[in-house]
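Residues per chain, in single letters:
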Amino acid sequence: QVQLVESGGGLVQAGGSLRLSCAASVRTFSIYTMGWFRQAPGKERVFVAAIQWSGGSTAYADSVKGRFTISRDNAKNTVFLQMNNLAPEDTAVYYCAARLGAVSTNRMQYSSWGQGTQVTVSS
């Protein structure tokens with residue numbers, strides 16, 4: 001089991017940027033595929049982005065392509081989500097998740113989850 005702790009959320013105006021971080025407490029962080037998901041009030045949790053253990057493969061939801069960038073630093077056991085040109089519809093709790101295996105957009109395939117960090121974008 002991987003323990004994950006997200007940080008970096010907050011309140012930002014539309015058009016602004018935030019950088020989320022997720023720190024993992026596991027010795028073998030570098031073998032995990034890491035993902036970001038988000039859940040808006042009253043809605044289901046949905047895929048945002050994912051990155052393979054080596055960083056060589058990534059995936060993004062269509063709604064964030066060109067605005068969000070996922071990256072990782074295996075030496076620091078951390079995955080990042082750079083969010084630019086934020087819009088009110090990006091408002092949600094953002095969750096970090098980990099899985100063994102290839103990049104996946106399916107939240108059911110991720111076995112470890114963080115507690116989430118709130119992102120609020122004002123118009």
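Our subject in this report is the structure included herewith.

Rules used throughout
Residues numbered from 1 in each chain as written. Predicted model: local features only at pLDDT ≥ 70, side-chain atom pairs only at ≥ 80, totals over all residues. Heavy atoms only, no water. Helix = DSSP H or I, 4+ residues; strand = E, 2+ residues; numbered from the N terminus. Rg over C-alpha atoms; globule rule 2.2 N^0.38 Å. Contact = heavy atoms within 4.5 Å. Lys, Arg positive; Asp, Glu negative; His and termini not counted. Charge placed at Lys NZ, Arg CZ, Asp CG, Glu CD. Disulfide = S-S within 2.5 Å. Buried < 20%, exposed > 50% of the residue type's maximum accessible area, 1.4 Å probe, protein only. Phe/Tyr/Trp six-rings, centres within 6.5 Å; stacked < 30°, edge-to-face > 60°. Lys NZ or Arg CZ within 6 Å of the ring centre and 35° of its normal.

1. Remarks on the overall build of the protein
Stage number 1. Along the protein, the regular secondary structure elements total zero helices and eleven strands.
Stage number 2. For the protein, the sequential pattern of α-helices and β-strands runs β-β-β-β-β-β-β-β-β-β-β.
Stage number 3. Since a compact globule built from 123 residues should have a radius of gyration of about 14 Å, the 13 Å found for the protein is in line with a globular shape.
Stage number 4. Seen along its three principal axes, the alpha-carbon backbone of the protein occupies a region of about 40 × 25 × 25 Å.
Stage number 5. In the protein, the share of contacts with a sequence separation of at least 24, taken over all contacts with a separation of at least 6, comes to 58%.
Stage number 6. Distance between charge centroids for the protein: 6 Å, based on 11 positive and 6 negative side chains.

2. Section: the environment of Gly10
Stage number 1. On the secondary structure map, Gly10 appears in strand E2 (residues 10-13).
Stage number 2. Distance in space between the C-alpha atoms of Gly10 and Thr117 is 8.0 Å, their sequence separation being 107 residues.
Stage number 3. Setting aside chain neighbours within four positions, we find Gly10 in contact with Leu18, Gln118, Val119 and Thr120.

3. Thoughts on the state of the cysteines
Stage number 1. Evaluated as defined, the whole model comprises one disulfide.
Stage number 2. Disulfide pairing places Cys22 opposite Cys96 at an S-S distance of 2.1 Å. Across the disulfide from Cys22 to Cys96, rotation about the S-S bond amounts to roughly -80°, and the bridge is consequently left-handed. Residue Cys22 is located in strand E3 (residues 18-25), and its partner Cys96 is located in strand E9 (residues 92-100); the two are separated by 74 residues in the primary sequence.
Stage number 3. Overall, the relative accessible area of 0% leaves Cys22 in the buried class.
Stage number 4. Under the relative-accessibility criterion, Cys96 is labelled buried at 0%.

4. A few points about the packing of aromatic side chains
Stage number 1. For the coordinates displayed, the defined rule picks out four aromatic pairs.
Stage number 2. Centre to centre, the rings of Phe37 and Trp113 are 5.0 Å apart; their planes meet at 55°, and the pair counts as tilted. Taken together, the residues Phe37 in strand E4 (residues 32-39) and Trp113 in strand E10 (residues 112-113) connect sequence positions 76 residues apart.
Stage number 3. Phe37 sits in the buried class, given a relative accessible area of 0%.
Stage number 4. Trp113 sits in the partly exposed class, given a relative accessible area of 24%.
Stage number 5. An aromatic cluster is built from Phe37, Phe47, Tyr110 and Trp113, whose rings are joined through pairwise contacts.
Stage number 6. Above the ring of Tyr95, the side-chain terminus of Arg45 is found at 3.6 Å from the ring centroid.

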